[in-house]
Amino acid sequence: MYNDFFKSITDQSEKFFSPAIQFNQLVAKNIEQLAKIQLDAAHSFTETSVEQLKTAAEVKDVKSFIDFNASQLSAVNKLSQQLIEDGQKLTQLGQEFKDNLETISNETVKAAKV
């Protein structure tokens, strides 16, 4: 008798808290992925900046100055491409979050109707 009662309470609690748990897991996963994208972007930016500082330190004459300016253009193009790729990753991450949130919402609504 008591076992059935406690099992019933446990089952109801799981059904009640399941959407919140799924949502929290989804948010945690997205925060992790967002942090990884940001860390990768910071690493790439820092790496490019350090390379440019080293190249600037090697400027000794007109030819090396011209080479430095060319490398600056290359660095800007590289960073621009990285920004585009990061924007695409963020868009995909947002879309996946939206889709997963809709799935959780639909499942919760279906469970509430039962």
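Our subject is the structure that appears above.
Reading the values: the criteria
- Residues numbered from 1 in each chain as written.
- Predicted model: local features only at pLDDT ≥ 70, side-chain atom pairs only at ≥ 80, totals over all residues.
- Heavy atoms only, no water.
- Helix = DSSP H or I, 4+ residues; strand = E, 2+ residues; numbered from the N terminus.
- Rg over C-alpha atoms; globule rule 2.2 N^0.38 Å.
- Buried < 20%, exposed > 50% of the residue type's maximum accessible area, 1.4 Å probe, protein only.
- Areas by Shrake-Rupley, 256 points an atom, 1.4 Å probe, with all protein chains shown as cover.
- Lys, Arg positive; Asp, Glu negative; His and termini not counted.
- Charge placed at Lys NZ, Arg CZ, Asp CG, Glu CD.
- Expected span 1.5 Å × (residues − 1).

Caption draft 1: Representation of the overall build of the chain. Helix and strand content of the chain: two helices and zero strands. The C-alpha radius of gyration of the chain comes to 26 Å, more than 25% above the 13 Å expected for a compact globule of 114 residues. Projected onto its principal axes, the C-alpha coordinates of the chain cover approximately 90 × 25 × 10 Å. Within the span of the chain, comprising 114 residues, buried residues form 12% of the whole. Summed over all atoms, the accessible surface of the chain reaches about 9100 Å², with 63% contributed by carbon and sulfur. Here the chain contributes 12 positive and 16 negative side-chain charges, whose respective centroids are spaced 3 Å apart.

Caption draft 2: Examining helix H2 (residues 62–113) more closely. Helix length check: H2 (52 residues) gives 76 Å between terminal C-alpha atoms against 76 Å at 1.5 Å per residue, within 8%. Along H2, the positions that sit buried rather than exposed are Ser64, Phe68, Ser71, Ala75, Gln82, Asp86, Leu93 and Ile104.

Remember that the coordinates give geometry; whether it matters functionally is a separate question.
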